[in-house]
Structure formats: structure tokens, C-alpha cells
Amino acid sequence: MVNRICETAVVALTQAQMSLPDAAWDVKSFLENAKTYLQTIGGLALMLGGAAGLVWGGFRLLQKLMGGQQHGQGDGWGRIAALILVGGALGTGGWSLISAVGSGGQTTIEDLGGGTIIVAPGPLEGR
């Protein structure tokens, strides 16, 4: 009985012609998969940290507004605003936000290295 079930399953799989995905077992594929995995995990960690910063900034804002002179002196308004803004940006953007900022920095560095910056002659060069 068990043998007949196994034979039926093998025949069904063979007739369905199910193909397994191609798996590349080389270093390049390993590194690409590792990069994708780290971007996913890193993005989720950034989003979690951003959400925590947003919550903490909101908590400190309420504490500062309600605490008066004694309890409200811990953080300044600038730090609280930065916690809320950066926390909200990271909480919603995560990896895509950091990647966009990094690509902007890469463009700037390439522009500086490529000589596309035009510098006017200074007073010492005009003699």
C-alpha cells in the first residue's frame, strides 16, 4: 500500500513537470544573496530604530510640555524635534532613505573626483 502511494506521487510529479528553481552555487551568487539579506535585515532594524526614536521623541515632548521647570530640563527642543523628524524619516524610509542619501554622496564624490567643479582664479593666481 505504501509503495503504491509512493509510485503514484512520483508519477504525478513527473507528469506535472515541475521544475525546481535554478540554484547557482558560486561566490558571486552567495555575495549577492548576502547583500540582499543584509539590506532587508538592516532596513528593518533602521525602521525599528526610527519607530523607537519617534516614540521616545513624542514621550520627551509630552514630558517637557507637562513637566514644567523641574522635569522638563532634560532635553532641549532641538533634540526632541530631531528625534521626532529623524525617527519618523527612518521609521517610514528605512533602507531606501539611507540608500538615497548614500547615492547622493556618491554622486558628489564622483563630481569632485571627475573635475566637474569649476574654481574661479584667486588673487594669487592672477599675477
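Residues numbered from 1 in each chain as written. Predicted model: local features only at pLDDT ≥ 70, side-chain atom pairs only at ≥ 80, totals over all residues. Heavy atoms only, no water.

S.K.: Could you clarify how one ought to interpret the environment of F59 in this entry?
M.R.: Relative to the helices and strands, F59 is located in helix α2 (residues 27-71). The class for F59 is partly exposed, based on a relative accessible area of 44%. Between the alpha carbons of F59 and I80 there is a distance of 9.2 Å; along the sequence they are 21 residues apart. (Helix = DSSP H or I, 4+ residues; strand = E, 2+ residues; numbered from the N terminus. Buried < 20%, exposed > 50% of the residue type's maximum accessible area, 1.4 Å probe, protein only.)

S.K.: Looking at this structure, how should I read the confidence of the model for the chain?
M.R.: The predicted structure's coordinates, where accompanied by low pLDDT, should not be read in detail. Within the chain, residue pLDDT values average 77, and 69% of them lie at 70 or more. Mean pLDDT in the chain bottoms out at helix α1 (residues 2-16), which sits at 67, and peaks at helix α3 (residues 77-93), which reaches 88. (pLDDT = per-residue confidence, 0-100.)

S.K.: Would you take a moment to explain the packing of α3 against helix α4 (residues 95-113) for this structure?
M.R.: Describing two packed helices takes the angle between their axes plus the distance from one axis to the other. In the contact formed by α3 and α4, the axes pass within 6 Å of each other and the chain directions differ by 105 degrees. Compared by their axis directions, α3 and α4 come out roughly perpendicular. When α3 is examined against α4, the residues A89, L90 and G93 are found in contact with a partner set consisting of W95, S96, L97 and I98. Along the lines of polarity and charge, the residues of the contact of α3 with α4 split into five nonpolar, two polar and no charged. (Axes fitted to C-alpha atoms, helices over the stretch in contact; angles between N-to-C directions. Parallel < 35°, antiparallel > 145°, perpendicular 65-115°, else oblique. Contact = heavy atoms within 4.5 Å. Nonpolar A, V, L, I, M, F, W, Y, C, P; charged D, E, K, R; others polar.)

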